[in-house]
Amino acid sequence: MRIVTLITDFGLRDGFVGVMKGVILGRAPQCRVVDLSHEIEPGDIRSAAFVLYNAHRWFPVGTIHVAVVDPGVGGPRSALAIRTDRAWFIGPDNGVLSWAVRDQAVRSARQITNPRMFLRPVSQTFHGRDVFAPVAAHLARGGRADQIGPEVQSWKQMPWPVPDRGAGGWRGEILYLDRFGNALTNIPTGDFQPEDGAPWAFVVPGRKRARFPVGRFYAGVGSGEPIAVPGSSGFWELAVNGGSAAQRFGLKPGDPVEVVRMGRAR
Amino acid sequence: MRIVTLITDFGLRDGFVGVMKGVILGRAPQCRVVDLSHEIEPGDIRSAAFVLYNAHRWFPVGTIHVAVVDPGVGGPRSALAIRTDRAWFIGPDNGVLSWAVRDQAVRSARQITNPRMFLRPVSQTFHGRDVFAPVAAHLARGGRADQIGPEVQSWKQMPWPVPDRGAGGWRGEILYLDRFGNALTNIPTGDFQPEDGAPWAFVVPGRKRARFPVGRFYAGVGSGEPIAVPGSSGFWELAVNGGSAAQRFGLKPGDPVEVVRMGRAR
Amino acid sequence: MRIVTLITDFGLRDGFVGVMKGVILGRAPQCRVVDLSHEIEPGDIRSAAFVLYNAHRWFPVGTIHVAVVDPGVGGPRSALAIRTDRAWFIGPDNGVLSWAVRDQAVRSARQITNPRMFLRPVSQTFHGRDVFAPVAAHLARGGRADQIGPEVQSWKQMPWPVPDRGAGGWRGEILYLDRFGNALTNIPTGDFQPEDGAPWAFVVPGRKRARFPVGRFYAGVGSGEPIAVPGSSGFWELAVNGGSAAQRFGLKPGDPVEVVRMGRAR
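From a predicted model like this one, the values you see are computed outputs, not experimental measurements.

A. Broad picture of the interface of chain B and chain A. Taken together, the 29 residues of chain B in the interface contact 35 residues of chain A. Both faces combined, the contact of chain B with chain A buries some 2400 Å², and carbon together with sulfur accounts for 61% of it. Counting the contacts that link chain B with chain A gives one salt bridge. A:Glu39 serves as the salt-bridge partner of B:Arg179, at 3.4 Å between the closest nitrogen and oxygen. Between chain B and chain A we count 13 residue pairs in polar contact (both at pLDDT 80 or more) in total. Broken down by secondary-structure element, the contributors of at least two residues to the side of chain B that touches chain A are β2 (32–37), α2 (45–55), β8 (170–177) and β12 (226–230) of chain B. A total of five residues in the side of chain B that touches chain A trace back to one element, the largest contributor, which is β2(B). Partitioned by chemical class, the residues of the side of chain B that touches chain A number 19 nonpolar, four polar and six charged.

Set out below in structure tokens:
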């Protein structure tokens, strides 16, 4: 049994996701299709790349991940199928796959070009159905990779925002806001590991009240209080216990964050 | 393995859809349940009919489609199970199935009347659970169709809005707005096939700025520009590259559209 | 084949639910995962408890229900696995399971403590992935219950609001608002069974116009008219035919309701 995951910006109202599943299950009846997200904002390649990056590692080896956030559908952008030592990643070559594969061993990457794979005629607006679903089904039922198309050596990279370790602490940025309003930063929990009880805080330059003392879990402060916790994705995240840090402090992806010793002047 | 699809206006918050799946899987453990949509606006039979019409054809032959947008639940409206040469369609007799079956060969249509099929007592508010789910499960595990109820020769039709081909071009209407704000018209891509480079545009009478030159794909115009493209459902659709045509021009289902030669006075 | 259901407040945008499914299917590939709801408002334990209470009974015996509405994650609250004669219930010990099991025969209840069950390292923010998903998978593939942790005799109870039967009628409250704006009360349809045609109505004290005559189904009154119907969950519910009772009358959970004979002075 193979698992195929789907991440798109299609929403769940119009039937597009169901149609992709119809195509996949029609061609690979034994596979299991799991939704990662279909509520990515239309065209938000960056958020899709981040969700895929976070989620894929929790699936069994051999899973086939399909990402269709594809504002350039029908145009000249090409389509990719990347195989790593853990999984397959399928989607448009617009950067949406690039974060998921950035810390994995890539075995091969292919451009999806073989029209015999596709539903025909291929629409110019819905390659999720006509191109990516059939390629996923082909792989899910054990089809040969070299039938997909020729190998490529490179693909569009979305730059990963690497945080800086300065003298006074870390400087990074907000990568993603989750539905709870937690702000995930790009500062890895494995890199910044404050000794217990050390008085560190995350701050957002320019927003004086956005000060998140380092803790261990959301309820480690009183209700409504800000706190920075080691998040489940492996990054420090800024939270408000029982509330939304994003809403409370007007945070958004790309905002800078700094880690400072509390009490010190800045 | 049989696929059962579900389309409802239940939303995903209250557990109604999960309950239908519990009933179906309890009685037909081997079948696969696929969501088409549960975000149909409450009581919007027309949108459900359109989504089902678009989606069903991408599923394997033998799929069982269940549509429960059912504002008359518990009242005198009857319930239907229609078998075509491709699939089963199950739902209330309020028109929600009528578009999906309109261009298919109907083998038989039955009124759902056999109380031995139902969960008992049958509620007056949730036939999705008590009537339609068990009938779908009955068919999914290979149950006999004649146990459902008597054959009927007709059912409620929702009129399909047929576009007009006039001297100057086509006149039609907007059928559906998708989550991207694309406006799907009722003008089939197979009927209106402009020669390449021909200067046609879709316009919305009364809204002077809503002018969509004919193109091939969304990104065929600059960001924020309107364009009409052959949509993946087989209808021309009005779009704004990287934006929402519906929002930008205040479009809604039922609005008239016309196809005109560009540059000509109207 | 075992069914695992999921109810959370994670939403469907961030991939958290997909990740739980990845963990479950990686460890118990044969099980079927069904979503009950992921649109519970963040931290709304009461609504999750109610949805689970309503939904679980429609699943086959042996189903494993996982509820993760868990604002205290990472803190001192403990985690539970409760086995009844119908099903398993897994989640934090914060009351979210207590309504579902309140009218069932509990065979055993265990505290989830065995770290060998968990993904390691266990995050302090996502026990859905690190604790509850692996325990569900353990049970789904037939693992022994005593490996989960020690038996406990009690767990956090959320008080169930019992309605009063007074001289003039019933007094209760609104338990839950569904997506249609129907207001589910705590008055059981099995307890209040008005004779046909008897002039009863549900009223909301302090809101003079919120008067819902007792009927049988939504469309039993004219469009836009209020009506009280025996709901599919086994409770009387307040509705507006073709509209939202919640919006129309500003209803919310906890609001008192009374059943009165119509025409009588109050």
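B. Structural view of the interface of chain C and chain A. The interface is formed by 35 residues belonging to chain C together with 29 residues belonging to chain A. For the chain C and chain A pair, buried surface summed over both sides reaches about 2400 Å², with 61% attributable to carbon and sulfur atoms. The tally of links between chain C and chain A comes to one salt bridge. The tally of links from chain C across to chain A stands at twelve residue pairs in polar contact (both at pLDDT 80 or more). The class makeup of the residues in the side of chain C that touches chain A is 14 nonpolar, 13 polar and eight charged.

C. Region of interest: unusual backbone geometry. The omega torsion across A:Arg120 and A:Pro121 is 0°, close enough to zero to call that bond cis. Note that A:Pro121 resides in the loop between β6 (106–111) and α3 (127–140).

D. Spotlight on the pattern of salt bridges. All names here are of chain A. By the definition in use, this model includes 33 salt bridges over all chains. Taking the shortest distance from any N to any O, the salt bridge between Asp 255 and Lys 252 comes out at 3.0 Å. Shared partners join several salt bridges into a network, and the residues in it are Arg 207, Lys 252 and Asp 255.

E. Focus on the packing of helix α1 (residues 16–27) of chain C against helix α3 (residues 127–140) of chain C. Residues and elements named next belong to chain C. Where α1 contacts α3, the axes come no closer than 9 Å and their chain directions differ by 35°. Considering how the two elements wind past one another, α1 and α3 form a crossing that is right-handed. Residues Val 19, Met 20, Val 23, Ile 24 and Arg 27 of α1 touch α3, and the partners they reach there are Gly 128, Arg 129, Ala 133, Pro 134 and Ala 137. Of the residues belonging to the contact of α1 with α3, the class tally is seven nonpolar, one polar and two charged.

F. Molecular detail of a positive patch on the surface. All names here are of chain A. A cluster of like positive charges, contributed by Arg 27, Arg 116, Arg 120 and Arg 141, occupies part of the molecular surface. Relative to the assigned elements, Arg 116 resides in the loop between β6 and α3. The class for Arg 116 is exposed, based on a relative accessible area of 69%.

G. Up close: the domain arrangement of chain A. All names here are of chain A. Parsing chain A into structural domains produces domain 1 (3–147) and domain 2 (164–261). Each of domain 1 and domain 2 has a C-alpha centre, and the two are 32 Å apart. Contacts between the two partners involve eight residues from domain 1, matched on the other side by seven residues from domain 2. Carbon and sulfur atoms make up 63% of the surface buried where domain 1 meets domain 2, a total of about 610 Å² over both sides. Counting across the domain 1 and domain 2 interface gives one salt bridge.

H. Just the relation of the copies chain B and chain A, in detail. Of the transformation placing chain B onto chain A, the axial shift is 0.0 Å and the rotation is 120°, giving an RMSD of 0.0 Å. Seen this way, the second copy is the image of the first under a three-fold rotation axis. Taken as a fraction of all interface residues of chain B, those also at the interface in chain A reach only 17%, which identifies the copy contact as different-surface.

I. Representation of the packing of aromatic side chains in the model. Residue and element names in this part refer to chain A. Under the defined criterion, the tally for this structure stands at 48 aromatic pairs over all chains. With a centroid separation of 5.5 Å and an interplanar angle of 85°, the aromatic rings of Phe 10 and Phe 126 are classed as edge-to-face. Of this pair, Phe 10 sits in the loop between β1 (3–8) and α1 (16–27) while Phe 126 sits in the loop between β6 and α3, placing them 116 residues apart in sequence. On the accessibility criterion, Phe 10 (7% relative accessible area) is buried. Overall, the relative accessible area of 5% leaves Phe 126 in the buried class.

J. Quick look at the side chain of B:His38. Positionally, B:His38 belongs in the loop between β2 and α2. The class of B:His38 is buried, set by a relative accessible area of 3%. A polar atom in the side chain of B:His38 sits 2.8 Å from the side chain of B:Thr8. Here B:Asp35 takes part through its side chain, which lies 2.7 Å from a polar atom of the side chain of B:His38. What B:His38 contacts, discounting residues up to four positions off in sequence, is A:Leu12, B:Leu6, B:Thr8, B:Asp9, B:Phe10, B:Gly11, B:Leu12, B:Val17 and C:Arg179.

K. Structural context of the nonpolar core. Counting residues in each nonpolar core, the largest one holds 70 residues, and the members touching the most others are A:Phe50, C:Val4, C:Ile64, C:Val66, C:Ile90 and C:Ile112. Beyond its immediate chain neighbours, meaning those up to four positions away, C:Ile90 contacts C:Ile64, C:His65, C:Val66, C:Ala67, C:Leu80, C:Ala81, C:Leu97, C:Ile112, C:Phe132, C:Val135, C:Ala136 and C:Leu139.

L. Spotlight on the sheet that holds strand β3 (residues 63–68) of chain C. The strand order β2-β1-β3-β5-β4-β6 (chain C) describes an open sheet built from six strands, whose pairing is mixed. Strands at the two margins of the open sheet, each flanked by one partner only, are β2 (32–37) and β6 (106–111) of chain C. When the angles between neighbouring strand axes are averaged without regard to direction, this sheet yields 20°. This element, helix α1 (residues 16–27) of chain B, spans β1 (3–8) and β2 of chain C of the sheet and lies at about 150° to β2(C).

M. Main features of the relation of the copies chain C and chain A. The transform that puts chain C on chain A rotates by 120° and translates by 0.0 Å along the axis, for an RMSD of 0.0 Å. Of the interface residues in chain C, just 14% have counterparts in chain A that sit at the interface too, so the contact is made through distinct surfaces.

How each quantity is defined
- Residues numbered from 1 in each chain as written.
- Chains lettered and ligands numbered in written order.
- Predicted model: local features only at pLDDT ≥ 70, side-chain atom pairs only at ≥ 80, totals over all residues.
- Heavy atoms only, no water.
- Contact = heavy atoms within 4.5 Å.
- Buried area = accessible area lost by both parts, 1.4 Å probe.
- Salt bridge = Lys/Arg side-chain N within 4 Å of Asp/Glu carboxyl O.
- Polar contact = N/O pair within 3.5 Å; in protein donor to acceptor, adjacent residues only side chain to side chain.
- Helix = DSSP H or I, 4+ residues; strand = E, 2+ residues; numbered from the N terminus.
- Nonpolar A, V, L, I, M, F, W, Y, C, P; charged D, E, K, R; others polar.
- Axes fitted to C-alpha atoms, helices over the stretch in contact; angles between N-to-C directions.
- Left-handed = near helix turned anticlockwise from the far one by under 90°.
- Patch = residues over 30% accessible without salt bridge, like charges linked within 9 Å, V, L, I, M, F, W, Y side chains within 5 Å.
- Areas by Shrake-Rupley, 256 points an atom, 1.4 Å probe, with all protein chains shown as cover.
- Lys, Arg positive; Asp, Glu negative; His and termini not counted.
- Charge placed at Lys NZ, Arg CZ, Asp CG, Glu CD.
- Buried < 20%, exposed > 50% of the residue type's maximum accessible area, 1.4 Å probe, protein only.
- Domains from an automatic or database assignment.
- Least-squares fit on C-alpha atoms with pLDDT ≥ 70 in both.
- Phe/Tyr/Trp six-rings, centres within 6.5 Å; stacked < 30°, edge-to-face > 60°.
- Core = buried A, V, L, I, M, F, W, Y, C linked by side-chain atoms within 4.5 Å.
- Pairing = 2+ DSSP bridges.

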